Amino acid sequence: MSVIAITDVLAGKFPVNEEITVHGWIRTRRDSKAGISFLAIHDGSCFDAIQAVVPNDLNNYQDEVLKLTTGASVKVTGQLVESQGQGQAFEIQATGVEVLGYVDDPDTYPMAAKRHSIEFLREQAHLRPRTNLGGAVTRVRNCLAQAIHRFMHNKGYFWISTPIITASDCEGAGEMFRVSTLDMENLPRTDKGEVDYNEDFFGKEAFLTVSGQLNVETYCSAMSKVYTFGPTFRAENSNTSRHLAEFWMCEPEIAFADLADAANLAEEMLKYVLKAVLEERADDMAFFQQRVDKTVVDRLNNVINNEFVRLDYTDAIEILLNCGKKFENPVSWGIDLNSEHERYLAEEHFNGPVVLQNYPKDIKAFYMRLNDDNKTVAAMDVLAPGIGEIIGGSQREERLDILDARLEEMDLDPEDYSWYRDLRRYGTVPHSGFGLGFERLVAYATGVQNIRDVIPFPRAPKTASF
RNA sequence: UCCCCUGUAGCUCAGUUGGUUAGAGCGGUGGACUGUUAAUCCAUGUGUCGUCUGUUCAAAUCAGACCAGGGGAGCCA
């Protein structure tokens, strides 16, 4: 049996006046004393539900059809016909309704056919995708992921699966989750009384990755154009609408490329995937526009149709100093920009995505390439209005002597980075890359404010239900 | 982690100079009506008032601690 998708039925891919069978869940049931009931059935394949018209002469009409409530699952067979009513082109004139599963207590079924708060839906993560919002987010998220892979593939990039478990303890970017099989009630100890990680699963300390970048640089130094796209973990106690403990990130890494090449790729990629969403998920985007963010479609079109501003950090500081606006945090060359500064630049001054680049070296990571001025590094952030930093990237330091000097400056042990340093010893090449926060992208594309609502099962401090 | 706000029915919320049986809308249920569109109309409310402790003759209401959610900040993607 091949199950047909409601999206294909509504798109007119099946001949009218012939029998079809659809499967799905009831969104609403309306009864008419004319002797028929209307079932709105959705299967997740598209935003709209299909309407089934059920006559009361079906033998299970009284006993079963009239007991269907929101959330029940059904298999409906009947003739596909042009609708007599307004609001839909096609409908099914049912000749058979098979109930697959009732809702056992309709009074307490959480997903009533009514508006729910987004926070409530989050607490019902297992049923959330059945709602208009949950379904739309899921389809847009999928569309964006597919578009990212398609974009990279079309440009000749190889998808590299970098490890989720890392034993390097040298990734640098934030707090890590420990991975261990040691008995926490009874830890093995060394003679000095320290935990003996030689006894642990990997024979040393291990963690969940905070970035695939360092690993993917190795494949970049062989395959030229590569990217990672997978889950990433940060154990920071961040409690905001923009942070997750487990999130997905796409990290392209380009050999023989400088910072401008990375920025250009970032711009091209964002435009490509946002365009794909507008073209492929017009139904869901219309919903977001209507119910979530009245400006979302215009905003995406604005991003697609305009060049991203390129702005040096030094010039950004000048703008902030001369804009006449009072900031909570004082502005001077050398500071790490605060959220209010980034917002001003992206939302007020330019009102569009801004590529901020060439930051002071003291506020950036060791692997970013030192510029000729000896003061700044070839780093870039893409700031988007409403979301803030959506992409962070840099040209990587390919000169071993300078890399070592930076490691020393930052009090890092070169021993920990031996394989990373090898890339600079054996045929080093200039290369650049960036990381795109996937959930931030989904939030930006849909207008949904909280990142926890655009990932199926959000993990955050004190939050790991489901 | 810090600051501010919130936590009352399945859901969204009202309800404090502390005082008998804590309310509304939606949902659900029953009925009416209709090729209906989250239909409409009528009927229908048994709730650890987030948790614990305290103040009081009396606490949804006041105080403290804790837990959870939201907004902002920091960290970052």
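Residues numbered from 1 in each chain as written. Chains lettered and ligands numbered in written order. Predicted model: local features only at pLDDT ≥ 70, side-chain atom pairs only at ≥ 80, totals over all residues. Heavy atoms only, no water.

By the naming in an unreviewed UniProt entry, chain A is Asparagine--tRNA ligase, taken from Thalassotalea algicola. If you open the UniProt record of chain A and go to Catalytic activity (unreviewed entry), you find "tRNA(Asn) + L-asparagine + ATP = L-asparaginyl-tRNA(Asn) + AMP + diphosphate + H(+)". Under Sequence similarities (unreviewed entry), UniProt gives the following word-for-word description of chain A: "Belongs to the class-II aminoacyl-tRNA synthetase family." (UniProt positions renumbered as here; feature names shortened; annotations may be inferred.)

Enquirer: An account of the environment of T228 is requested, with residue identities and associated values reported.
Expert: Within the element layout of this structure, T228 appears in strand 10 (residues 225-233). Taking the C-alpha atoms as reference points, T228 and I254, 26 residues apart in sequence, are found 12 Å from one another. Ignoring sequence-local partners within four residues, the contact set of T228 consists of W159, I160, T162, G212, V216, M249, C250 and E251. (Helix = DSSP H or I, 4+ residues; strand = E, 2+ residues; numbered from the N terminus. Contact = heavy atoms within 4.5 Å.)

Enquirer: Tell me about the domain arrangement of chain A, residues and numbers included.
Expert: When the domains of chain A are assigned, the result is domain 1 (6-101) and domain 2 (132-174 + 210-453). Each partner contributes residues to the interface: domain 1 has 5 residues there, and domain 2 has 7 residues. For the domain 1 and domain 2 pair, buried surface summed over both sides reaches about 490 Å², with 49% attributable to carbon and sulfur atoms. Between the two partners, domain 1 and domain 2, sit 0 salt bridges. Summed over the shared surface of domain 1 and domain 2, the number is 4 residue pairs in polar contact (both at pLDDT 80 or more). (Domains from an automatic or database assignment. Buried area = accessible area lost by both parts, 1.4 Å probe. Salt bridge = Lys/Arg side-chain N within 4 Å of Asp/Glu carboxyl O. Polar contact = N/O pair within 3.5 Å; in protein donor to acceptor, adjacent residues only side chain to side chain.)

Enquirer: Go over the packing of aromatic side chains, please, and point to the residues and values.
Expert: Counted according to the given criterion, the structure contains 14 aromatic pairs. Between F327 and Y344, the ring centres sit 5.8 Å apart and the planes meet at 80°, which makes this aromatic pair edge-to-face. Note that F327 is positioned in the loop between helix 8 (313-322) and helix 9 (339-349) and Y344 in helix 9, a separation of 17 residues in sequence. You can call Y344 buried: its relative accessible area is 10%. (Phe/Tyr/Trp six-rings, centres within 6.5 Å; stacked < 30°, edge-to-face > 60°. Buried < 20%, exposed > 50% of the residue type's maximum accessible area, 1.4 Å probe, protein only.)

Enquirer: Lay out the pairing of strand 14 (residues 376-384) with the relevant residues and their values.
Expert: Where burial is concerned, most of strand 14 is hidden: 9 out of the 9 residues are buried. The pairing of strand 13 (residues 354-360) with strand 14 spans 6 bridges and is classified as antiparallel. If you follow Y359 over to strand 14, its bridge partner there is V377. In the sheet, strand 14 pairs with strand 15 (residues 388-396) via 6 bridges, with the strands oriented antiparallel. Its bridge partner being in strand 15, A379 is matched across the sheet by S394. Between the antiparallel neighbours strand 14 and strand 15 lie 3 residues, among them G386 with a positive phi of about 90°. (Pairing = 2+ DSSP bridges.)

Enquirer: Please provide a residue-by-residue account of the pairing of strand 11 (residues 246-255), values included.
Expert: Among the 10 residues of strand 11, 8 are classified as buried, and the element is accordingly described as predominantly covered. In the sheet, strand 10 pairs with strand 11 via 9 bridges, with the strands oriented antiparallel. In the strand pairing of strand 11, F229 is matched with C250. Inspection of the sheet shows strand 11 paired to strand 16 (residues 431-437) by 5 bridges, in the antiparallel sense. The residue of strand 16 that forms the bridge with E253 is G433.

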